Each structure stands twice: as structure tokens, then as C-alpha cells.
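Architecture and fold: a report
The residues making up each chain are set out below.
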Amino acid sequence: MHRPLEGIRVLEIAQFTYVPAAGAVLADWGAEVIKVEHAEYGDAQRGLVRVLGLDAASTGSSFAPIMEGPNRSKRSIGLALDNPEARPVLEELIRRSDVVLTNYLPAVRRKLGIELADIRAINPDIIYVTGSGFGSQGSDAEKGAYDATAFWARGGSADGVMPADTEHMAFMPAGAYGDNIGGMAIAGGIAAAIAGRERTGEPSVIDVSLLGVGAWATQFSVNLALATGGPLPKKRASSAAPGNPLTGSYRTSDERWLQFSMLQPTRFWNEFVSTLGLDHLVDDERFDTMEKISTHNEEVAGWFAEAIAKRTYTEWLEVLSDLSGPWAPLQNAWEIGHDQALIDNGRIVDIVDSDGKPQKLIANPVKFDDAPVQMGRAPQFAEHTDDIVRELGLDDEQLIALKVAGAIT
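Conventions adopted
Residues numbered from 1 in each chain as written. Predicted model: local features only at pLDDT ≥ 70, side-chain atom pairs only at ≥ 80, totals over all residues. Heavy atoms only, no water. Buried < 20%, exposed > 50% of the residue type's maximum accessible area, 1.4 Å probe, protein only. Helix = DSSP H or I, 4+ residues; strand = E, 2+ residues; numbered from the N terminus. Pairing = 2+ DSSP bridges. Expected span 1.5 Å × (residues − 1). Contact = heavy atoms within 4.5 Å. Core = buried A, V, L, I, M, F, W, Y, C linked by side-chain atoms within 4.5 Å. Phe/Tyr/Trp six-rings, centres within 6.5 Å; stacked < 30°, edge-to-face > 60°. Axes fitted to C-alpha atoms, helices over the stretch in contact; angles between N-to-C directions.

Turning next to the pairing of strand β12 (residues 358-362). Side chains of β12 alternate between two faces, with Q359 and L361 buried and P358, K360 and I362 left unburied. Pairing of strand β11 (residues 348-352) with β12, which is carried by five bridges, proceeds in the antiparallel orientation. Bridged to I348 within β12 is I362. Once β11 ends, the chain turns through five residues before running back antiparallel as β12, passing G356 with a positive phi of about 80°.

Right, dumping it as C-alpha cells:
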């Protein structure tokens, strides 16, 4: 059961990362995913490869992480959805699929004839899934969005990481940050819908909005604001959490950072101060209760900061290796890619790119039965068009006619 979606067919009519990321997760879980791309230009994200400075020159091959991550293990067909000659191919793909997945805006879906009613007229049992900016209902339902707008800004994450005295709005910590989180939410919803259809015979209609994902991610703050009757006070710039110096971040001598999160400070006090070389604070009656620690929070945080600033990041990794309280180093992207826990748990996967060169990709975080993820590279644009069309029962003469008509690539 380590590939629980084997036998499930997903038709993905989507581009960029939000929604394609969901297709990638479903493929990781065993589903067969066919990606429909614009017959002339392909997924618009292919055009961002050069714009973002991430073309082949940066990797030494055609491997482009911005495409590989959300599109691994899929097959690609170039299909002109606005060409009537392509309609029979699309309809046969729909007829053979369990799930249709799209992030096209409602107006485009209506124009292309891929709204719910259009799809269900062809396959009444299909699970219909949209990834939207602001939801399928309300005055914003027709509006488009990216994760920087709907998830990060409007969804509250940006506000949550900005101190009161900042002069600049905080941007997302990584490209497609909200898209990838949202993709996991969509994949989970689809898995639930598949289970529901197995039990009841009824297919679901699913919508997951970037705004909804953003609000879910910040729900602690939103729920607190609703309960207290107004906006929460803005945070001041600080490393340690209010009232608990054992929960916060501290800088090393070489300008790196360590994050501690010991929510029960009295439990870890003696071990922590001893590890920092502050043995004179062991069993200190001034700090033997949570209330006392909180009262002296800023003073104690200063002592901790001074102690940690005496050693380098690498030295602290060794010193803190056996600390029982929760802590972590602040890692950069390169270090995350070599994190031993991720490697040990199969969350960094080796693949071979289209040039035959070995590459690595981050797997989705869900692991089944301690089995490794079976993952392949992302498809080249329209790489599988001929194979897919032949699988639908069309012969070479019909295939050539579709190409001449501009219906497929």
C-alpha cells in the first residue's frame, strides 16, 4: 500500500505551480497523471525558467527545478483546447479519468467548455477539482491570484512575520511557497474524495483557494483576533519569545542562527544553562518557576545571547547535539538538501533528468509504509502526445491529421 493511488487516473488542465503541485503529490502516491499543456506554448511556467535566471546554464542540463518539482512523474500532451478538432481527444481523456484538476479561471473554463457541467456530461462519475484564488463563491470568485497575493499577503502570513517598526513588507521565504502548501491541501482533498466515492458512489466537487489555505496557516492568530475582538498587537523586533527565553532564536559568533522551542522552561532549565556554559545558573532559586523566569525574561535572554555568541554555528551543532529540549539550526536551502533526517526518511529523491544526468528533488512529506517514493523526472513539453493519443485508439493517420489541424503538438 505504499502507492495507494495506483490505478487512479488524473487529468491535469493547469499551469504554474498551484494545482500542478497537487498533481505531483498524487503522482508520488501512485496516480497516473496526464498533464494537458497549451499546444503551442506549453505550461506558462516553462517561460519563467529563463526569466528567473534558472535556465539550463544554471544546472548544466535541461533540468529546471521550477518545472521539475511540481511536474515530476507526469506525462505531457500538447492539446489545443480552443480548437474544435481537439475536443474528441479531450473528451476521451475525460471519459477515462477519475479526477479532473484545473486552476483555469471560471471565464476561461466556460470558454473552453471544461466547467463542471461540461465535464460531468462526459463522465458523470468524475471528481471535479479547482484550485482558486479566493474560492468558488462570492464577489472574488472570478478573480485570479498568485500565492504572493492571496496566500501570503491577504492570508496573513506576511503580517505575522513583520515587526511593528519594519520599513519593508516581508516576502515569501521561497518561490511558490503558498502554492506548494496549497498543493498538499488539494491532494489531501482529492484522496478524501476518492475514498468517499468508493464508499458512496458519489463523486465530489472540490475547490481549494489560496486564501483559504493562507487563513488556515494563520488560524491561531485569526482565531485569537476574533476571540479578543480586534487586531492583535504588532510584535516588536525580538529574538526570544515573550516571557520565555528558552523559546527564541540566538545568533552565533559567525552570524548564523539557532532556534530553541522549550515551552516548559523549568523542565529544561538546568540542562540548557549547563550546556551553554552558565553553570552558575543551575538550581538558581531566582528561576525555579515559570513566573520567575518570565519576570526576568529580557535579562536572562541577554545572558543566553551573550553565551551563544561566543561560539560558531558548527561548534554549537556539536555542543547541542545531545540536548533533550527541542531546538534546530536555521538552515539554508543547500543545507536542507543535505539534511540527514530528510535523506534517512527518503524525502530527498534521486532522479535522472532528460539528459541522463542524476538530479535530486524534494519528495512530498507523506510517507507510506516506510517505502521510498517512486519518482521520475518532469516531462518535456508535449513529450507524450503521440503515445497518449495512440492509447486512446487513434491510428497514425488520425494522429497526423490532428497535428496538421493544430489540435495537438
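This next bit is on helix α9 (residues 177-200). Residue pairs spaced three or four apart in an α-helix point in one direction, given the helix's 3.6 residues per turn. Over its 24 residues, α9 extends 35 Å from the first C-alpha to the last, a length consistent with the 34 Å expected when each residue adds 1.5 Å. Turning to α9, its buried residues are G178, D179, G182, G183, I186, A187, I190, A193, I194, G196 and R197. Taken together, the buried residues of α9 touch α1 (20-28), β4 (99-102), β5 (127-132), α7 (147-153), β6 (205-209) and α10 (210-217).

Ranked by internal contacts, the top residues of the largest apolar core, which has 34 residues, are V10, L26, L101, V129, I186 and I190. Residue assignment for this core shows that the elements contributing at least two residues are α1, β4, β5, α7, α9, β6 and α10. Here the element with the most residues in this core is α9; it accounts for five residues. Sequence-distant contacts of I186, that is, excluding residues within four places in its chain, are made with Y18, V19, A22, L101, V129, G131 and V208. Counting 27 residues, the second-largest nonpolar core is a separate cluster that includes V100, I114, I388 and L402.

Applying the stated rule across the entire model yields twelve aromatic pairs. Judged by centre distance (5.0 Å) and plane angle (80°), the ring pair of F272 and F304 falls under edge-to-face. Here F272, found in helix α12 (residues 265-275), pairs with F304, found in helix α14 (residues 297-308); they are 32 residues apart in sequence, far enough to count as distant. The pair F272 / F304 is uniform in exposure class, with both members buried. Aromatic pair F287 and W303: ring centres 5.9 Å apart, planes at 85°, arrangement edge-to-face.

The six strands lie next to each other as β3-β2-β1-β4-β5-β6, forming an open sheet whose pairing is parallel. In the strand order of this sheet, the two ends are held by β3 (75-78) and β6, each with one partner. Each strand axis lies, on average, 20° off the axis of its neighbour in the sheet, ignoring direction. The pairing of β4 with β5 spans four bridges and is classified as parallel. Across the sheet, residue T102 finds its bridge partner in β5, namely T130. Its contacts with the sheet place α9 against β4, β5 and β6, and it is angled at close to 165° to β5.

All we've got here are geometric facts, nothing functional implied.
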